[in-house]
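Here is how the chains run, residue by residue.
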Amino acid sequence: MKLPVMTGVAALAACLFVTPVLADKLDDIIASGVLRCAVTLDFPPMGLRDADNKPAGFDVDTCADLAAALGVKYEIVETPFPDRIPALVSGRADVGVASTSDTLERAKTIGFSIPYFAFNNVVLTRADTGIESYQDLAGKNLGSVAGVFEAIALEEDFNTWKAGGSFRTFQSQADVFLALNQGQIDATVVTGTVAAATIASGNFNGFKIAGEAPYLVDYVSLIAPRQEFGLLNYLNLFVHQQYRTGRYQELFEKWVGAGAEPPALALGSIYY
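Residues numbered from 1 in each chain as written. Predicted model: local features only at pLDDT ≥ 70, side-chain atom pairs only at ≥ 80, totals over all residues. Heavy atoms only, no water.

Here's the deal with the side chain of T79
(1) Moving on: Here T79 is to be found in the loop between β4 (73–78) and α4 (84–89).
(2) Moving on: Residues within four places of T79 in sequence aside, it is in contact with A38, V39, T40, R84 and A87. (Helix = DSSP H or I, 4+ residues; strand = E, 2+ residues; numbered from the N terminus. Contact = heavy atoms within 4.5 Å.)

Let's talk about the sheet that holds strand β1 (residues 34–39)
(1) Moving on: As summarised here, the arrangement of the five strands in space is β4-β1-β5-β12-β6, forming an open sheet in which the pairing is mixed. Looking at strand neighbours, the two that pair on one side only are β4 and β6 (110–119), the edges of this open sheet. Pairwise comparison of adjacent strand axes, ignoring direction, gives a mean angle of 30° for this sheet.
(2) Moving on: Here β1 runs beside strand β5 (residues 95–101); their pairing, made up of two bridges, is parallel. Note on β5: the bridge partner recorded for A38 is G96. (Pairing = 2+ DSSP bridges. Axes fitted to C-alpha atoms, helices over the stretch in contact; angles between N-to-C directions.)

Here we look at the pairing of strand β7 (residues 121–126)
(1) Moving on: With six of six residues buried, β7 is to be regarded as a mostly interior element.
(2) Moving on: Strand direction decides the pairing type here: β7 and strand β10 (residues 187–191), joined by five bridges, are antiparallel. For L124, the partnering residue across the bridge sits in β10 and is T188.
(3) Moving on: As paired elements, β7 and strand β11 (residues 207–212) share four bridges and run antiparallel to each other. Its bridge partner lying in β11, R126 is registered against F207. (Buried < 20%, exposed > 50% of the residue type's maximum accessible area, 1.4 Å probe, protein only.)

Digging into the packing of aromatic side chains
(1) Moving on: Inspection of the entire model under this criterion finds 15 aromatic pairs.
(2) Moving on: Between Y243 and Y248, the aromatic rings sit 5.8 Å apart at their centres with planes inclined by 35°, giving tilted as the arrangement.
(3) Moving on: Using a relative accessible area of 5% as the deciding quantity, one classes Y248 as buried.
(4) Moving on: Among the aromatic side chains, those forming a connected cluster through ring pairs are F43, F58, F81, Y116, F117, F119, Y243, Y248 and F252. (Phe/Tyr/Trp six-rings, centres within 6.5 Å; stacked < 30°, edge-to-face > 60°.)

Quick notes on the domain arrangement of the protein chain
(1) Moving on: The assigned domain composition of the protein chain is domain 1 (25–119 + 219–256) and domain 2 (121–212).
(2) Moving on: Its C-alpha centre places domain 1 at a distance of 26 Å from the equivalent point of domain 2.
(3) Moving on: At the interface, 13 residues of domain 1 touch 15 residues of domain 2.
(4) Moving on: Between domain 1 and domain 2 the total buried area reaches about 1,100 Å² when both faces are included, carbon and sulfur atoms providing 67% of it.
(5) Moving on: Applying the counting criterion to the domain 1 and domain 2 interface returns zero salt bridges. (Domains from an automatic or database assignment. Buried area = accessible area lost by both parts, 1.4 Å probe. Salt bridge = Lys/Arg side-chain N within 4 Å of Asp/Glu carboxyl O.)

Have a look at this one:
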């Protein structure tokens, strides 16, 4: 028996019926009127609490800028470093503006924008430890935040030194600084911006920077669920706009230092 030939209009209607158009995360955020940003608030000057205990810092301002670009309000979801990716995977936050290093291992779980900031790393210690450089860390008691870029690099070196001492991980940057202040550890490695802000805060007597750590530049990205391509594409364009409009420079001078040169966000001729 000869089957009837489906007309073009009928075929199109059938395709539309079986292939519904689904909204993505970007549409959901705009429709809700609120952008929920996962931000780490014990990582000054990127994220902190001000004198009124309100969220502040480079990352908080970046979240506010992103919300303004989307035409929505923003909400800060405070997340310690180990909780940044779980907050997104569980749906407690929409994007992460939390200085997240763009590692290939993390990219198996979460999606990354192009870098929006970059860090060098330095040794932070106390004046009474005798530590003057990264090489002096061998045989000392060291610590860092579990899972972050500098913790992974420091532990790898510690394991090769085989000179005694100890290496501990902590759940937050605040815990690391407290351990250093109380003498539980002799030193840590943190970003140069965090070290300078921590010393300038006056909250810890005797803290000092003892040279740079010999690590690669730590590029950090905005993060979102890896399957949300529409949102990730928007984040890429947002970062590009922040840079080319001068807003990146403005926020860097506000939170790191006037007249300071912000780190480059690209490597030579390679476009991330």
